[in-house]
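# Observations on the three-dimensional arrangement
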Amino acid sequence: MAIFSTLTGESVTDPTADRTFDDLGLYVEELGFSFGIGESTTVAIGKLHPVFGSAWDDTAGFFGGTLAEDYELTEQLGILADVELNGAGTLSFGLFFADDTSLSRSWGTDRGRNRSDTGGAGNTGKLDSFAIQWNHEVDNTRFHIGARHLSASVGDVDDEQGFVAGLGHSFDAGLDVFAEVASFSNFGGTADDATFVTLNAAYAMGDWTLSGTLSQRDLDSSGKTDLHSIALEREFSNGMVLGGALARQDDGGVKDTIVGLNLIIPLGG
C-alpha cells in the first residue's frame, strides 16, 4: 500500500490585469492511497487525477498542451483502477465527482470552496461520473483511446459525453511525434459541442530539444481558437532543464503573441 500527495502552488484566480506572482495559493491537487490486487491491478482512492487523454503530459514545449488542458480531469474525488491486460496494454477506469470538500480551498490566496450546487459537469457530490481509457505501446509506437461521462449538475443543460484518441511514435533519429483528438457533446454541461486537436513534434539534439505545436479548440458558442508554438529546451548534467517558447494565438480573430520561460530544478536523488 502507498500513500500519495501532490501540492500545487500557483495563481488561483483568473487574471484581470497584468500580474507577476500575484494571487498565489497553495492547494492539494492529489491526496489518497493506492494498493495492488494480484499482479495486474492497482486501485487508488482519494482526491485523484482520472485518466482521460494525455496531451498535457506527452507534448513537448511550454505551450504544447495549453488548449488540451481544458479537458484534463483534475481534483476529483473517487476511485480509480489500472488493469494490466497481459501484454495487451493497460485499461484505466474511474468513478468520481469534483472535489467539494475543504480540500478544494487554497492557502495564501483563498480561491474559495467548491460546492456541488454551483453547477458544472461532474460537480454533483455523487459517484456518478466515469472515465475509461485503453493505453498500449508496440515497439516505439504508443496509442490510446478513451471515453468519459460527466453528469450534469445544478443548472446544467445536459450530461457531458467525451471521446479521445491519441497516437505517438519515437524515431531512432531523435524525432518524436504525437497527435491527440478529443470530441465532446454538452462540454462542461453547457449547450456547446467541442473539438480539440493537438499535433506536436520534438527533435532531440544532444542536450537540446526543439519542439513545435499546432493546436485548435472549436466551441459552438465562441468559434475556433488556434495556437501555434515553437520551443527550445536544454537539459544540464545535474538534471536541471531551462527552456523558452514563443506562441501565436488566434482566438476568434483576437490575435496574441505569447512568450513563456520555464526552469525545472530536480530536488533529491
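Check the entry above for the structure.
## Some points on the overall build of the chain
Assigned secondary structure in the chain consists of 1 helix and 15 strands. By the compact-globule yardstick of 18 Å for 269 residues, the chain fits well, its C-alpha radius of gyration being 19 Å. When its C-alpha atoms are laid out on the principal axes, the chain stretches across 50 × 50 × 40 Å. In the chain, which comprises 269 residues, the share counted as buried stands at 36%.

## With respect to the pattern of salt bridges
Applying the stated criterion to the full structure yields 7 salt bridges. A salt bridge links Asp99 to Lys47; the nearest nitrogen and oxygen atoms lie 2.8 Å apart. Of this pair, Asp99 sits in the loop between β5 (90-98) and β6 (107-108) while Lys47 sits in strand β3 (residues 41-48); the two residues are 52 residues apart in sequence, bridging distant segments of the chain. What makes Lys47 buried here is its relative accessible area of 1%.

## Overview of the nonpolar core
Within the largest apolar cluster, 18 residues are counted, with the highest numbers of intra-cluster contacts made by Tyr71, Phe184, Phe187 and Phe196. Elements supplying a minimum of two residues to this core: α1 (55-58), β10 (175-185) and β11 (194-205). Apart from the residues lying within four places of it in its own chain, the contact partners of Phe196 are Leu67, Asp70, Tyr71, Glu180, Val181, Ala182, Phe184, Phe187, Gln216 and Arg217. Listed in part, the 6 residues of the second largest apolar core include Leu67, Ala231, Ala245 and Ala247.

## Structural notes on the pairing of strand β9 (residues 160-170)
The sheet contact formed by strand β8 (residues 141-150) and β9 spans 10 bridges and is antiparallel. Bridging from a neighbouring strand, Arg148 pairs with Gly162 of β9. Pairing of β9 with β10, which is carried by 10 bridges, proceeds in the antiparallel orientation. The residue of β10 that forms the bridge with Phe163 is Ser183. A loop of 4 residues connects β9 with β10, the two strands running antiparallel in sequence, and Gly174 in this loop sits at a positive phi of about 100°.

What counts, and at which threshold
- Residues numbered from 1 in each chain as written.
- Predicted model: local features only at pLDDT ≥ 70, side-chain atom pairs only at ≥ 80, totals over all residues.
- Heavy atoms only, no water.
- Helix = DSSP H or I, 4+ residues; strand = E, 2+ residues; numbered from the N terminus.
- Rg over C-alpha atoms; globule rule 2.2 N^0.38 Å.
- Buried < 20%, exposed > 50% of the residue type's maximum accessible area, 1.4 Å probe, protein only.
- Salt bridge = Lys/Arg side-chain N within 4 Å of Asp/Glu carboxyl O.
- Core = buried A, V, L, I, M, F, W, Y, C linked by side-chain atoms within 4.5 Å.
- Contact = heavy atoms within 4.5 Å.
- Pairing = 2+ DSSP bridges.

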